[in-house]
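Each chain, written out:
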Amino acid sequence: MVGHEPFDDPMAQLGAWLEAGRAAVPHPDTMTLATATPDGRPSARIVLLRGLDTRGITFFTNRTSRKGDDLRLNPRAAAVVHWWELGRQLRVEGDVEETTEDESRAYWETRPRGSRIAAWASRQSRALAARAELDAHVAEAEERFAGLDVPLPPFWGGYRIVPTSIEFWTHRENRLHDRVRFVREAEGWRSELLAP
Ligand SMILES: Cc1cc2nc3c(=O)[nH]c(=O)nc-3n(C[C@H](O)[C@H](O)[C@H](O)COP(=O)(O)O)c2cc1C
């Protein structure tokens, strides 16, 4: 999209923005992910945006982490990406589903061995008595998988945010930014302009 030209397929537009981000920004996939407990207590953290298709956007994590706990009980999320270099902010809100084991494994297999060992060793988001405890878990995982391929842990995998709303924000002068929000409806997407 150039500036405020209209468009009508927000998933394709999302793809085009990610492509533009990858061409222009050092770490374009750095995404803030917000989840909430069932009683509405929010939390946010950075994850890497690892996939996009017509269904939604995906990221990968430990499903027994705090975000995993939130998503099990309240499968909804919001995500935001900002690229200074392009003057763009992308906001996605939606329902969350787990990726299939095959999808999780396909991504897992792209991860270096050290990251795979770390995934087995780290009980993500749980309290550690000391750093040494983590080091011991790493040593255990290294011993367990010595000489072997490090398999996909049963507690690790992807989530897909299936968007119900996508906002494309473009910086413009004097804070008179462009904001185009798409909201998913039964028949398709409805778009609206929002005041900056
Ligand atoms: C640049 C960056 C990228 C990250 N990517 C991921 C990721 O893709 N998956 C992940 O689980 N954690 C990632 N993290 C760590 C998370 O921010 C967070 O510390 C961790 O997932 C635990 O979050 P939780 O306790 O809310 O579940 C990343 C952190 C940074 C700073």
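Everything numeric here is computed off the predicted structure, so don't read it as measured data.

Procedures and definitions
Residues numbered from 1 in each chain as written. Predicted model: local features only at pLDDT ≥ 70, side-chain atom pairs only at ≥ 80, totals over all residues. Heavy atoms only, no water. Helix = DSSP H or I, 4+ residues; strand = E, 2+ residues; numbered from the N terminus. Buried < 20%, exposed > 50% of the residue type's maximum accessible area, 1.4 Å probe, protein only. Contact = heavy atoms within 4.5 Å. Areas by Shrake-Rupley, 256 points an atom, 1.4 Å probe, with all protein chains shown as cover. Lys, Arg positive; Asp, Glu negative; His and termini not counted. Charge placed at Lys NZ, Arg CZ, Asp CG, Glu CD. Expected span 1.5 Å × (residues − 1). Polar contact = N/O pair within 3.5 Å; in protein donor to acceptor, adjacent residues only side chain to side chain. Near = heavy atom within 4 Å. Core = buried A, V, L, I, M, F, W, Y, C linked by side-chain atoms within 4.5 Å. Axes fitted to C-alpha atoms, helices over the stretch in contact; angles between N-to-C directions. Left-handed = near helix turned anticlockwise from the far one by under 90°. Nonpolar A, V, L, I, M, F, W, Y, C, P; charged D, E, K, R; others polar. Salt bridge = Lys/Arg side-chain N within 4 Å of Asp/Glu carboxyl O. Pairing = 2+ DSSP bridges.

**With respect to the overall build of the protein**
(1) Moving on: Tallying secondary structure elements over the protein gives 5 helices and 9 strands in all.
(2) Moving on: Moving toward the C terminus, one meets the helices and strands of the protein in the order α-β-β-β-β-α-β-β-α-α-α-β-β-β.
(3) Moving on: Seen through its C-alpha atoms, the protein measures out along the principal axes to roughly 55 × 40 × 30 Å.
(4) Moving on: Counting only residues that meet the buried cut, the protein has 42% of its 196 residues in that class.
(5) Moving on: Sequence-distant contacts, at least 24 apart, represent 62% of the contacts inside the protein between residues at least 6 apart.
(6) Moving on: If you sum the accessible surface of the protein, you get close to 11,200 Å²; carbon and sulfur atoms cover 52% of it.
(7) Moving on: Of the side chains in the protein, 27 bear a positive and 30 a negative charge, and the two mean positions are spaced by 4 Å.

**Some points on helix H1 (residues 10–24)**
(1) Moving on: Between its first and last C-alpha, H1 extends 21 Å over 15 residues, near the 21 Å set by a 1.5 Å rise per residue.
(2) Moving on: Among the residues making up H1, those that are buried are Pro10, Met11, Gln13, Leu14, Gly15, Trp17, Leu18 and Gly21.
(3) Moving on: Between the side-chain oxygen at the start of H1 and the backbone nitrogen of methionine 11 there is a gap of 3.1 Å, and the oxygen is on aspartate 9.

**Considerations on the site of the ligand**
(1) Moving on: Arg45, Ile46, Val47, Leu48, Phe60, Thr61, Ser65, Arg66, Lys67, Gln124 and Ser125 make up every residue found near the ligand.
(2) Moving on: Separating a nitrogen atom of the ligand from a backbone N or O atom of phenylalanine 60 is a distance of 2.9 Å.
(3) Moving on: About the coverage of the ligand: the protein hides 61% of its 610 Å² of free accessible area.
(4) Moving on: Where the shell around the ligand is concerned, the elements lending two or more residues are strand S2 (42–48), strand S4 (57–62) and helix H2 (66–73).

**Things to note about the nonpolar core**
(1) Moving on: In this structure, Leu14, Met31, Ile57, Phe59, Leu90, Ile161 and Phe168 are the most contacted members of the largest nonpolar core, which totals 26 residues.
(2) Moving on: Those elements that place two or more of their residues in this core are H1, strand S1 (30–36), S4, strand S5 (76–83), strand S6 (88–98), strand S7 (156–170) and strand S8 (178–185).
(3) Moving on: Not counting residues within four places of it along the chain, the set of residues in contact with leucine 90 comprises Leu14, Trp17, Ala79, Val80, Val81, Trp83, Ile166, Glu167 and Phe168.
(4) Moving on: If you look at the next biggest cluster of nonpolar residues, it comprises 12 residues, including Phe60, Trp108, Ile117 and Trp120.

**Description of the packing of helix H4 (residues 113–121) against helix H5 (residues 131–144)**
Two quantities define a packed helix pair, namely the angle between the helix axes and the distance between the axes.
(1) Moving on: One way to put it is that H4 packs onto H5 with a least axis distance of 8 Å and a crossing angle of 115 degrees. As for how H4 packs across H5, the hand of that crossing is right-handed. Across the interface between the two elements, Ile117, Trp120 and Ala121 from H4 touch Leu134, His137, Val138, Ala141, Glu142 and Arg144 from H5.
(2) Moving on: Residue classes in the contact of H4 with H5 are distributed as 6 nonpolar, 1 polar and 2 charged.

**Considerations on the pattern of salt bridges**
(1) Moving on: Taken as a whole and assessed by the stated rule, the structure comprises 18 salt bridges.
(2) Moving on: A salt bridge links arginine 190 to glutamate 192; the nearest nitrogen and oxygen atoms lie 2.9 Å apart.
(3) Moving on: Glutamate 192 sits in the partly exposed class, given a relative accessible area of 22%.
(4) Moving on: Each of Asp53, Arg55, Glu97, Glu103 and Arg160 takes part in a single network of salt bridges with overlapping partners.

**Some details on the pairing of strand S9 (residues 188–193)**
Moving residue by residue along a regular strand, the side chains alternate between the two faces of the sheet.
(1) Moving on: Of the strand pairs in this sheet, S8 and S9 are connected by 6 bridges, and their pairing is antiparallel. Bridge pairing links valine 183 to arginine 190 in S9.
(2) Moving on: Adjacent in sequence and paired antiparallel, S8 and S9 are bridged by 2 residues.

**Quick notes on the pairing of S1**
(1) Moving on: Pairing analysis gives 7 bridges linking S1 to S2, with the strands arranged antiparallel. Following the sheet pairing, alanine 34 is matched in S2 by alanine 44.
(2) Moving on: Linking S1 to S2, which pair antiparallel, is a turn of 5 residues; within it glycine 40 sits at a positive phi near 90 degrees.
(3) Moving on: With 3 bridges joining them, S1 and S5 adopt antiparallel strand pairing. Its bridge partner being in S5, threonine 32 is matched across the sheet by valine 80.

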